[in-house]
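A structural walkthrough
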Amino acid sequence: MTAAVATAAPDKPRAVSDIGRAGKFLFWISVVLLCAWVLVPIYLLAVNTLSSPAEVTAFPKTGVPSFDMGSIQFFLSFQGVLKALWNSVLVAVLTMALSIAIGAPAGYALSRFEFPGKATFRLLVLMTRAFPLPLLALPIAVMFIRIGLDDTPVGLALVHTTLAIPFSVLITFSIFSGIPLELEEAAWTLGCNRLQAFQKVVLPLVLPGITASAIFAFTISWNEVFAASVLTVQNRTLTAFLLQSLSVSPLHLRFAGGAALVVPALIFIFAVRKYMFAMWGIANR
Amino acid sequence: MNSKTLPYLLLAPATIFLAVFFVWPFLQIAWLAFTTGGGFTLQHFQTMAGNWKFWPTFWNTIILAAIVVPLQLIMALAMAQVVAKLQAGRNTILYIFTIPLGLSDLAAGIIWLAIFEQSGFLNSMLVGLGIIDRPILFLGYQNLWLIFVAVILAELWRATAIVMVILVSGMGLIPREYYEAAEVFGAGPWKRFVKVTLPMLRPSIQTALILRTIAAFEVFAVVVALGGTTLPVLMGETFNWQFTLQDRNVAAAYALVILAISIAATLVFLRVLRTPKGATI
């Protein structure tokens, strides 16, 4: 009797929960598959990077790294690699500083003031989106030769800043818009002038967001290939160096180089993950 | 400093910067493409279109974009739906999904090279499973369509994340009540997706499509990493004319072609996916 009740009672709900369970199972399968789709290729690059040069060209592959540092050593001791790494960092840091120094004031102005020409400026910023910006490097290369900026980290950083500015303006605009004007006004009534109020009240609040958009600018520059290849000859960045040597370099050099590009990017994306959606949510309008 | 001049002072650096490094170079490109010795000419466009490589290059780029972008939209919608249903581990899964967003296209090309090269992981797997006897040359000129497939996979892998991020932030703006109302009227999950999610996501879908299509026309490093010059695309040919063939005018003409199809695509998406007046949330 008790057994009959036990089977009969959950009978009806079970049909529903079975469907639910099957659906849940399918759902988690798809989550796992999607994660694998993203992670497995990165894992395979890591396997190649952590294998000796001989293993990289060997066949068939096991898919398990031997943790041999041969490829990485070869990459780091290869002529020009360290300089390219240094140039990449230098250009990216310059881009980061420039895009914040130029973009943040504009973002602040857009969030705090109503003035004639505001719509025009926003249009200019949005227009940059419809343009294939790396192509700018072609005429700029000539401009740089004339003013002596050709083949310099500063020159390339200026072009990368053009790529990063639309983002830094829109992101800082959204960050400043999130700080109530009343906070600033309160500081003014307490005797601060505009600059002091900004420094003491607004700046501490927006600093994390500004940092995130700076890191974003860094990754834009770090990852950029076309303009870097056009504008640098002797002072190549890592992307330009790898692109130029793709057809001639051995496989293990390419994979170790790819890993050198990927690792910092992974760290940076991790650092700004909280802001990713706020950034793009705003970049929508 | 009064608040009349302050906004202009704050905007001045960005405006001057964009004028010098955005507006001026584009005028230069147009000038280079349309003039010779100071006079107007279409000669550079004729040189460009007369080269046997132009039309294959053009169609390769268009077809790549036409395959990659719609697939990305579908995949990103699926990923966004998955994310929307998640409770536990949502942030971790979201971070994993967005990883490729931070990677260079060159890095993505190299990553997929590790899979597709002759001694790569795909061949290793196929031989290991006994499907083939010896490794196939996937990325050779004999199998152009295989390079195409590899590039499509690499692009799907790399750039779907950005579409997903835009769609997820768009979905966050859809009020819950809409779904509840649809549920009250008996709409199932699929119907809710088609009748509520998709129409409400229209502005986000529009942004995502515009961004991705323009980026797809600029595909470059992925193709070079996987196929060298075997599969020519517009950006690669621009580079080629600038450096290998040393003709800056034809390179500028190529640049204008990329610009023209980018603007055309933008206008199409703006028109087709426009939000009806008064239909915003």
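Definitions and limits used
- Residues numbered from 1 in each chain as written.
- Chains lettered and ligands numbered in written order.
- Predicted model: local features only at pLDDT ≥ 70, side-chain atom pairs only at ≥ 80, totals over all residues.
- Helix = DSSP H or I, 4+ residues; strand = E, 2+ residues; numbered from the N terminus.
- Buried ≥ 20, exposed ≤ 12 C-beta atoms within 10 Å, placed from the backbone.
- Contact = placed C-beta atoms within 7 Å.
- Rg over C-alpha atoms; globule rule 2.2 N^0.38 Å.
- Nonpolar A, V, L, I, M, F, W, Y, C, P; charged D, E, K, R; others polar.
- pLDDT = per-residue confidence, 0-100.
- Core = buried A, V, L, I, M, F, W, Y, C linked by C-beta atoms within 7 Å.
- Domains from an automatic or database assignment.
- Expected span 1.5 Å × (residues − 1).
- Axes fitted to C-alpha atoms, helices over the stretch in contact; angles between N-to-C directions.
- Parallel < 35°, antiparallel > 145°, perpendicular 65-115°, else oblique.
- Left-handed = near helix turned anticlockwise from the far one by under 90°.

With that settled, the discussion passes to the overall build of chain B. For chain B, the count of helices and strands is 12 helices and 2 strands. Order of helices (α) and strands (β) in chain B, N terminus to C terminus: α-β-β-α-α-α-α-α-α-α-α-α-α-α. With respect to the three principal axes, the spread of C-alpha positions in chain B is 75 × 70 × 35 Å. Each of the 281 residues in chain B was classed as buried or not, and the buried ones make up 42%. The contacts in chain B between residues at least 6 apart in sequence include a share of 71% that link residues at least 24 apart.

When its secondary structure is counted, chain A shows 14 helices and 0 strands. For a compact globule of 285 residues, the expected C-alpha radius of gyration is about 19 Å, and chain A comes in at 26 Å, more than 25% above that figure. Along the three orthogonal principal directions, the C-alpha set of chain A runs to about 90 × 65 × 35 Å. When each of the 285 residues of chain A is scored for burial, the buried share is 42%. Across chain A, contacts joining residues at least 24 apart in sequence account for 73% of those joining residues at least 6 apart.

The next subject is the interface of chain A and chain B. On the chain B side, the residues contacting the 71 residues of chain A number 77 residues. Of the residues forming the side of chain A that touches chain B, the biggest block, 12 residues, is contributed by helix α2 (residues 11-49) of chain A. Residues that form the side of chain A that touches chain B fall into these classes: 53 nonpolar, 14 polar and 4 charged.

Attention shifts here to unusual backbone geometry. Residue and element names in this part refer to chain A. Residue P60 is bonded to the preceding F59 through a cis peptide linkage, with omega at -10 degrees. Inspection of the secondary structure puts P60 in the loop between α3 (53-57) and α4 (70-77). With a phi close to 55 degrees, F67 is a non-glycine residue in the positive phi region. Of note, F67 is situated in the loop between α3 and α4. A residue is classified by how many C-beta atoms lie within 10 Å of it, and F67, with 8 of them, is exposed. One non-glycine residue with positive phi stands out, namely D151, at about 60 degrees. Residue D151 is classed as partly exposed on the basis of its 16 C-beta neighbours within 10 Å.

Turning next to the confidence of the model for chain B. Residues and elements named next belong to chain B. Across chain B, the average pLDDT comes to 89, with 98% of residues at or above 70. Confidence, read as mean pLDDT per element, is least for strand β2 (residues 39-40) in chain B (86) and greatest for helix α3 (residues 54-85) (94). The ipTM assigned to the predicted complex is 0.88, against a pTM of 0.87.

On to the nonpolar core. The nonpolar side chains of a soluble globular protein tend to be buried with one another. Counting residues in each nonpolar core, the largest one holds 160 residues, and the members touching the most others are A137 of chain A together with W112, M164, L167, L226, Y254 and A255 of chain B. Residue contributions to this core peak at 15 residues, all from helix α7 (residues 144-171) of chain B. Of the residues that make up this core, three or more belong to each of domain 1 (2-70) and domain 2 (72-283) of chain A. The residues contacting M164 of chain B, other than those within four sequence positions of it, are A76, M79, A80 and F97 of chain B.

So, on to helix α1 (residues 6-34) of chain B. With 29 residues, α1 of chain B extends 40 Å from end C-alpha to end C-alpha; this agrees with the ideal 42 Å at 1.5 Å per step. Residues of α1 of chain B that are buried: P7, L11, A14, L18, F22, P25, I29, L32 and A33 of chain B. Residues of α1 of chain B that are buried in the fold lie against α5 (81-112), α6 (118-127), α7 (137-147) and α8 (153-177) of chain A together with α2 (43-50) and α12 (248-272) of chain B.

Attention shifts here to the packing of α3 of chain B against α7 of chain B. All names here are of chain B. Direction vectors running N to C along α3 and α7 enclose 45 degrees, while the axes themselves pass 7 Å from each other. Relative to α7, the element α3 lies oblique. In this structure, the crossing between α3 and α7 has a hand that is right-handed.

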